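Descriptive structure summary
What follows is the residue order along each chain.
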Amino acid sequence: MLDLSPEQIELGASPKTKQEAIQQVARLLIQSGNIDPRYVESMFEREKVANTYLANGIAIPHGMTENRELVLKTGIAVLQIPLGVEWNEGETVQLVVGIAAASGEHLGILRKLTGVVSDEEEAARLSVTEDKLDIIESLTGARPETPTQTNTTDFEKYFDVVIINPTGLHARPATELVNIAKRYQAQVKVRSGELVVDAKSLVNLLKLGAVKGAAVRVSAEGVDADAALTALKDAIESGLGEEEMQTPLLNRDRLNWQPKTTVACAEGVPASDGIVVGQICQHTPKEIKVEDAPSSPASGKRQFKNAVDAAYKELVKLYDEVKVRLGSGQASIFLVHAEFLQDSELLNETEKLISEKHNAAWAWQQTIQIRIDQLKKLDDPVLAGRAMDLSDVCQRVLRHMLGIADESPSTSHIPSVLIADDLTPSDTANLDPDLILGFITAKGGPTSHTAIIARAMGIPAIVAAGEGVLEIENNTNCILDGFNGKLYLNPLADEIESAQELHEEVERQLNADFAERLSPTDTTDGHNVEVFANVNRVADAVKAIEYGAEGVGLMRTEFLFLESGKTPTEDEQYEVYRDMAKALNGAPLTIRTLDIGGDKQVPHLDLPKEDNSFLGIRGIRLCFARPDLFLPQLRAVYRAAKEVNVRIMFPMISTVEDVEQVLEIVEKVRAELNAPKIEIGIMVEVPSAVLLAEHLAKLVDFFSIGTNDLTQYTLAMDRVHPQLAKQADALNPAVLRMVDLTVKAATKEGKWVAVCGGAASDTKGASILVGLGVKELSVTVPTIPTIKAHLRKTSLTDLQALAQQALACRTAAEVRAL
């Protein structure tokens, strides 16, 4: 239940400005102990990047997510302004509901407010009522009882004490208090603030709302009052039968949630974790159709240039806005979009078509569409996902040329679950997390920029769910399970309650994990596991350290080649490697050399197209074939090694000859630069490398297992194939046995093994990998605190036993059921 007391409500306020209104409602939150005074500035920052006006004269000012440590306890305060105050142009507010909530708790508060927001008459009544209890009843669903006079005095004999229970005087400890009080004939009262209740009534005790740290007074009167007070004091001070403990670790098996009765109506690929309850809102943007028509080249080129310039300015502004909200890592997506608008090939081809008297909008759409179609055919999921980025840029320019307004997804004023055919990165970045509970798309992929932004924003998401989801009616009640990629329609009341409990449990656990993120990852029996990060850019490395990474286990250097529009020079690469390593403050940076192949259509590399790119010239094979790419990269790495802590590894090693050849090249480069020797490793991604691991381990310092590709090649399943992707599970016993063979071969030669594939970022996968003897896990940045917390709660002995059970399983499903 949403707690709201009369002290948290001010009636008849008359602020002259929006700023004054926010300051006044913030003062109520401060007085109630909800927020640190510094949180007020965060509330003003939120107003700069989002509109907190809902509807019917109600606004919900609250702070930025990154300042959640300034929220002392979750709660709300209400400022009533009968005459109204202008919020934004054309918006008059009469009820200001100030929210103090860490992480995603404000979404639960918003759900409780939707009844008032959608009821114009009720909102109008509350804006002029002179009874605070009316507002409490409307917002919480319960009208508090007015304490009688007999409840307001204490007995002469009393003691004062502080509640130490982690979640306050809730049902279980309150029941214990009642049971103790009933053992005595004396009358016993408990005071919290102005409210005094009978200690022998559980209902009344719960009305106190005494949280952890609350000061209460217990008084008694009667023949055995002294004995009753002594027993109650001892019980309260010892926690009323509850041990004071740290926030309990979330049982990860709870994430395999499913309702008892309702069957999933849609299933897709999990793209962003979380579980939410809400109503469906379909987003159906109008397709921009452009027909060709004869046009003046001069006016067409002018129209095109103006549209490109306007779109470029928009993207720079969007970058600045997203950088403030989500950080430079996510914001850089829009610098990539802006870079597309500087691509001379795109611009020249479009202008060439315009010169041939084609319509400017048609020429632009034709030029872009060719590249979109090429990207969609690629094997690599990351690059195939970039088709949506190009489409996003295309639509942005077309809107400017045709004078079409932006159709960003919205859900009116009610928090909802969004459904769309697909969402562009711009769509996703513009989602209001106060109103979009989660989303599900018919198309898309988990490595798309749309999914990346959703994860950064903490919005649960499912992608590639099929076109059937587009037929679901608006306002249908649903549960979106982003952990397991399932959508449930019209769930039962107990199923909704169960999902909401899991949502709250996950939020608590994520906060607890994050608080301990900088602690080492030691199992309960003292075994240390190194948890590193997978990164692409310098900004990612900075965030990795902030999230508790002990280094970078995989730096994907191909992003330097893919996103710049040109081949980076040796100097440019050196600067990136050096700066990234410096950002790690001495922790190791593991640089993977260029892992790119014929499937990746990168114009400036002039790579030949291959029919079966995963078995063609990719990884180390490309490096051997293109010394003009390989040697500058090696030189850049070894130049950086003179200043910072780096190590290097090579992808797609399949033979002993591969390693021998690469070591010869590397040593020659190192000697020419008089650079120090650094650790040299190889990626174990193909079965031949596993079977030759005993020989390969003699030649290198470490192995790093790429479980994504190892799964693909072991099972002969394209991991991005729409029918096979779900079967390509890294926890398949065949893949785990490959890992086991690799670790044993490395251990025999005194070498260590890391895993940088997706299995390391999965709690079950991480447990099994450590149990098999993997020393280093390199995971996605957001999962670092969770993986570290998960491993700390168990022993190496138990993990080893789990790993052996997994090796004995027959299927991936059996492994995941362990």
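What you see is a predicted model; the values in this text were computed from it and never measured. (Residues numbered from 1 in each chain as written. Predicted model: local features only at pLDDT ≥ 70, side-chain atom pairs only at ≥ 80, totals over all residues. Heavy atoms only, no water.)

**Thoughts on the overall build of the protein chain**
Broken down by element type, the protein chain carries 31 helices and 25 strands. The buried share among the 818 residues of the protein chain stands at 54%. Counting every atom, the protein chain has about 35400 Å² of accessible surface; 50% of that belongs to carbon and sulfur. (Helix = DSSP H or I, 4+ residues; strand = E, 2+ residues; numbered from the N terminus. Buried < 20%, exposed > 50% of the residue type's maximum accessible area, 1.4 Å probe, protein only. Areas by Shrake-Rupley, 256 points an atom, 1.4 Å probe, with all protein chains shown as cover.)

**Quick word on the sheet that holds strand 22 (residues 680-684)**
An order of 18-19-20-21-22-23-24-25 is seen for the eight strands of this closed barrel, with the pairing classed as parallel. Each strand axis lies, on average, 25° off the axis of its neighbour in the sheet, ignoring direction. Pairing analysis gives three bridges linking strand 18 (residues 530-535) to strand 19 (residues 552-556), with the strands arranged parallel. Across the sheet, asparagine 534 pairs through a bridge with leucine 554, a residue of strand 19. (Pairing = 2+ DSSP bridges. Axes fitted to C-alpha atoms, helices over the stretch in contact; angles between N-to-C directions.)

**Thoughts on the environment of glutamate 321**
Topologically, glutamate 321 is positioned in helix 9 (residues 297-326). For glutamate 321, a relative accessible area of 33% gives the class partly exposed. Placed 108 residues apart in sequence, glutamate 321 and alanine 429 show a C-alpha to C-alpha distance of 9.4 Å.

**Here we look at the pairing of strand 16 (residues 477-481)**
Burial analysis of strand 16 places four of its five residues in the buried class, the great majority of the element. The pairing of strand 12 (residues 275-283) with strand 16 spans five bridges and is antiparallel. Paired with valine 277 across the strands is isoleucine 479, a residue of strand 16. Bridge count for strand 16 against strand 17 (residues 486-489) is four bridges, and the pairing is antiparallel. In the sheet register, isoleucine 479 faces strand 17, and the bridge partner there is tyrosine 488. The hairpin formed by strand 16 and strand 17 contains four residues between the paired strands, and glycine 485 there has a positive phi angle of roughly 70°.

**So, the pattern of salt bridges**
This model, assessed by the stated rule, comprises 31 salt bridges. Close ionic contact of arginine 217 with aspartate 160 constitutes a salt bridge, the shortest N to O distance being 2.8 Å. Of the two residues, arginine 217 is situated in strand 9 (residues 215-221) and aspartate 160 in strand 6 (residues 157-162); the sequence distance between them amounts to 57 residues. A relative accessible area of 46% places aspartate 160 in the partly exposed class. The partner of arginine 639 in a salt bridge is glutamate 570, with the nearest N and O atoms 2.9 Å apart. (Salt bridge = Lys/Arg side-chain N within 4 Å of Asp/Glu carboxyl O.)

**Looking at the packing of aromatic side chains**
Tallied over the full model, the rule gives five aromatic pairs. The interplanar angle of 80° and the centroid separation of 6.2 Å between the aromatic rings of phenylalanine 630 and phenylalanine 650 together place this pair among those described as edge-to-face. Residue phenylalanine 630 is found in helix 22 (residues 627-641), and its partner phenylalanine 650 is found in strand 21 (residues 646-650); the two are separated by 20 residues along the sequence. Given the relative accessible area of 0%, phenylalanine 650 is considered buried. Of the aromatic side chains, those joined through ring pairs into one cluster are Phe624, Phe630 and Phe650. (Phe/Tyr/Trp six-rings, centres within 6.5 Å; stacked < 30°, edge-to-face > 60°.)

**Considering the pairing of strand 4 (residues 75-88)**
Judged by how many residues are buried, strand 4 sits mostly within the fold: 10 of 14 residues are covered. Across two bridges, the pairing between strand 1 (residues 9-10) and strand 4 is parallel. Pairing of isoleucine 9 across the sheet is with valine 78, part of strand 4. Between strand 4 and strand 5 (residues 91-100), which follow one another and run antiparallel, lie two residues, and glycine 90 among them has a positive phi close to 80°.

Shape descriptors only; they carry no functional weight alone.
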